[in-house]
Amino acid sequence: MPSSTVRRTSAALDARGISARYPGASARVLAGVDLSAGQGEVVGVVGRSGCGKSTLLHIVAGLVPWMTPARVEGVVAVNGEPVTELDPGQRARLLATCLDRPESQLFLATVRHEIEAARRLYCGPGLTDATIEAFDLGGLLDRRVTELSSGERQRVALTVALAACPRPILLDEPTAHLDAAGERALVGILGEASRRGASILATEQAGWRLGGAVGRWIALERDRTTAIGAPLAPVVASPGHPAGSRVVLSCRGLVVERGDRVLVEALDLDLREGEVVLLTGPNGSGKSTLAGVLAGLAHPAGGAVSRRGRCGLMMPEAELQLFGRTVADEVAAAGTGHEERARVLRLHRLEHLAARAPWTLSRGEQQRLVHAALDLLRPEVLIVDEPGQGLDGDDLLAFLELVRRRSAKGRAYLVISHRPEIAAAAHRRLRIRDRRIEEVGE
């Protein structure tokens, strides 16, 4: 990224003329975008999957092109001073970043080690103590980071980033893994960070989850930004058909553990053909671990699981399920014919990405690709763990419409999600509480 004269503004974060093209890409992902955030301002950025939101934040942080190769143009300034020539390590003392994949930026043994390292880096408490309390991390300080759930890791990564307050802070999809309590805590913490003078730039597909914490919303397209009102949650349709009577997945007396902790015990569950069931629960309650056991990827500590037909699992970390050289190769692995693969790529809005490498896709595009590949396998049961990650409101509605259509033809779905708007798409709602699973009423 070439250096340039910085126009003096009151913005603590200022990005001007930002353009980016990844190697092998036919077009720029960003083309001359301007974006800024003033002192004490929280700016939210929304946009369709693949529009360049994460790329923009990564450019401001220096991760692109220093860590991820790309041709980048434009200038980035912090408090009026250009940082364009600084690498990510040098920028880390001037601003903080929380990525949409928290596991990719947590490297130390325990939660306490991560937080203390952030205190030393930013030479002060920042919002650390307040964030530890708000995110209820006191009981996790001596836990190993590798033992945490995705939601717990996100709380830790957010705490590490917010230690930089009142420096500028970049947040990429900060609610992606948070339960309702974590979401409320984040809204409160963002308000306090704003009052202390921090400038916060947050990309967020589910912008309605940030409530009144964001003072200004911007819609990002490839070559422009547009001021918009606060995003609204999508209106989700009901299944529209009754569940069948044939049981396709059941468990009796199931016990699920992670390490030496019992997460779920004495679970009896029946999932019927054509049924859509939503499973919720607090961060760390064992939802993803249970999903792996039900899908057959891990053994239960007790009890038994019975599956009648093929059972698929869509994990929250989409990149862990992508192995093909290109998007087309990924769906070809299902062994279906060319016409069927082309139809599914169109259905999942991936046709124009067929020649792209899966690792170059946005989070939402990767989610859609994994779902497309699983869709081609035609499982009788599909367990979908946090499908909303990286999906904007329109993409989420499209995904749920496909769930409605597939379930009407007999496929059963167990959908795991914190997002309450998904509840309307389910026949039944379940919740993990105190190691038990209970039915949730209307």
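Everything below is about the structure printed above this text.
The rules behind the values
- Residues numbered from 1 in each chain as written.
- Predicted model: local features only at pLDDT ≥ 70, side-chain atom pairs only at ≥ 80, totals over all residues.
- Heavy atoms only, no water.
- Helix = DSSP H or I, 4+ residues; strand = E, 2+ residues; numbered from the N terminus.
- Buried < 20%, exposed > 50% of the residue type's maximum accessible area, 1.4 Å probe, protein only.
- Areas by Shrake-Rupley, 256 points an atom, 1.4 Å probe, with all protein chains shown as cover.
- Lys, Arg positive; Asp, Glu negative; His and termini not counted.
- Charge placed at Lys NZ, Arg CZ, Asp CG, Glu CD.
- Core = buried A, V, L, I, M, F, W, Y, C linked by side-chain atoms within 4.5 Å.
- Contact = heavy atoms within 4.5 Å.
- 1 Å grid on protein atoms, 1.4 Å probe; cavity = no way out; pocket = protein on both sides within 12 Å on 5 of 7 lines; lining within 4 Å.
- Points joined across faces, edges and corners; volume = space filled by probe spheres on them.
- Nonpolar A, V, L, I, M, F, W, Y, C, P; charged D, E, K, R; others polar.
- Axes fitted to C-alpha atoms, helices over the stretch in contact; angles between N-to-C directions.
- Parallel < 35°, antiparallel > 145°, perpendicular 65-115°, else oblique.
- Left-handed = near helix turned anticlockwise from the far one by under 90°.
- Pairing = 2+ DSSP bridges.
- Salt bridge = Lys/Arg side-chain N within 4 Å of Asp/Glu carboxyl O.
- Polar contact = N/O pair within 3.5 Å; in protein donor to acceptor, adjacent residues only side chain to side chain.

### Quick look at the overall build of the protein chain
Counting its regular elements, the protein chain contains twelve helices and 19 strands. Taken along its principal axes, the extent of the C-alpha atoms in the protein chain is 70 × 50 × 35 Å. Looking at the protein chain as a whole, 56% of its 442 residues qualify as buried. Looking at the protein chain as shown, the accessible area adds up to about 18400 Å², and 51% of this sits on carbon and sulfur atoms. Counting 56 positive and 53 negative side-chain charges, the protein chain places the averaged centre of each group 2 Å from the other.

### Some points on the nonpolar core
Of all hydrophobic cores here, the largest spans 42 residues; its most connected members are I169, L171 and I200. Looking at this core, the elements that each hand over two or more residues are β3 (42–46), β6 (96–98), α4 (111–122), α6 (150–162), β7 (169–172), α7 (180–195), β8 (200–203) and β9 (216–221). Non-local contacts of L171, meaning those with residues more than four positions away in its chain, are made with L57, C98, L158, L190, I200, L201, A202 and T203. Within the second largest apolar cluster, 31 residues are counted, among which are V344, L369, L374 and L396.

### Quick notes on empty space enclosed by the protein
The full count for this structure, using the stated rule, is two cavities of 30 Å³ or more. Taken as a whole, the largest cavity spans an internal volume of roughly 70 Å³. Lining of the largest cavity is provided by E173, T175, A176, E204, Q205, A206, R209, E386, G388, Q389, G390 and R419. Considered class by class, the residues forming the lining of the largest cavity number two nonpolar, five polar and five charged. Approximately 60 Å³ is the volume attributed to the second largest cavity. Of the residues belonging to the lining of the second largest cavity, the class tally is six nonpolar, one polar and one charged.

### Points about the layout of surface pockets
When its volume is computed, the second largest pocket comes out at roughly 530 Å³. Around the second largest pocket, the lining is made up of 33 residues, and of these S150, R258, S288, T289 and E317 lie nearest the centre. Secondary structure elements with two or more residues in the lining of the second largest pocket: α6 and α8 (287–295). In terms of residue class, the lining of the second largest pocket is made up of twelve nonpolar, 13 polar and eight charged.

### Overview of the packing of helix α11 (residues 363–377) against helix α12 (residues 393–408)
Think of two packed helices as two axes; the pair is described by the angle between the axes and how far apart they sit. Closest axis-to-axis distance for the α11/α12 pair is 12 Å, and the angle between their directions is 10 degrees. With respect to α12, the element α11 is oriented roughly parallel. For α11 against α12, the interelement crossing comes out left-handed. Residues R368, H371 and D375 of α11 touch α12, and the partners they reach there are D395, F399, L402 and R406. Its residues assigned to classes, the contact of α11 with α12 comprises two nonpolar, one polar and four charged.

### Notes on the pairing of β7
Judged by which residues are buried, β7 turns out to be covered on both faces: I169 and L171 on one side and L170 and D172 on the other are all buried. Here four bridges tie β7 to β8, and the two strands are oriented parallel to one another. Along β8, the bridge assignment pairs L170 with L201.

### Here's the deal with the sheet that holds strand β2 (residues 30–38)
Sheet strands pair via backbone hydrogen bonds, and the direction of the pair is either parallel or antiparallel. One open sheet accounts for four strands, arranged β2-β1-β4-β5; its pairing is antiparallel. Taken across any chain shown, the strands that pair with only one partner, and hence form the sheet edges, are β2 and β5 (81–82). The pairing of strand β1 (residues 11–21) with strand β4 (residues 71–78) spans seven bridges and is antiparallel. Looking at the pairing, D14 lines up with A77 of β4. Docked against the sheet, helix α1 (residues 53–61) engages β1, β2 and β4, running at close to 115 degrees with respect to β1.

### Examining the pattern of salt bridges
Here the structure, examined in full by the defined rule, presents 38 salt bridges. A salt bridge links R48 to D395, with the nearest nitrogen and oxygen atoms 2.9 Å apart. Note that R48 is positioned in the loop between β3 and α1 and D395 in helix α12, a separation of 347 residues in sequence. Across the pair D100 and R101 runs a salt bridge whose closest N-O atoms are separated by 3.4 Å.

### Some remarks on α8
Across the nine residues of α8, eight count as buried, placing the element largely inside the fold. Among the residues of α8, those classed as buried are K287, T289, L290, A291, G292, V293, L294 and A295. Once α8 ends, the next one or two residues include G296, with phi positive near 90 degrees.

### Examining the environment of L254
As for its position among the elements, L254 is in strand β11 (residues 247–258). With relative accessibility at 0%, the residue L254 sits in the buried group. Leave out the neighbours within four places in its chain, and L254 touches V264, E265, A266, L267, L290, V293, L294, P300, G302, G303, A304 and V305.

### What about the environment of V78?
Here V78 is to be found in strand β4. Sequence separation between V78 and R167 is 89 residues, and the spatial gap between their C-alpha atoms is 9.2 Å.

### Remarks on the side chain of E421
When you line up the elements, E421 lands in the loop between β17 (412–416) and β18 (428–433). Within the structure, the side chain of E421 is placed 2.8 Å from the side chain of R419, a separation counted as a polar contact.

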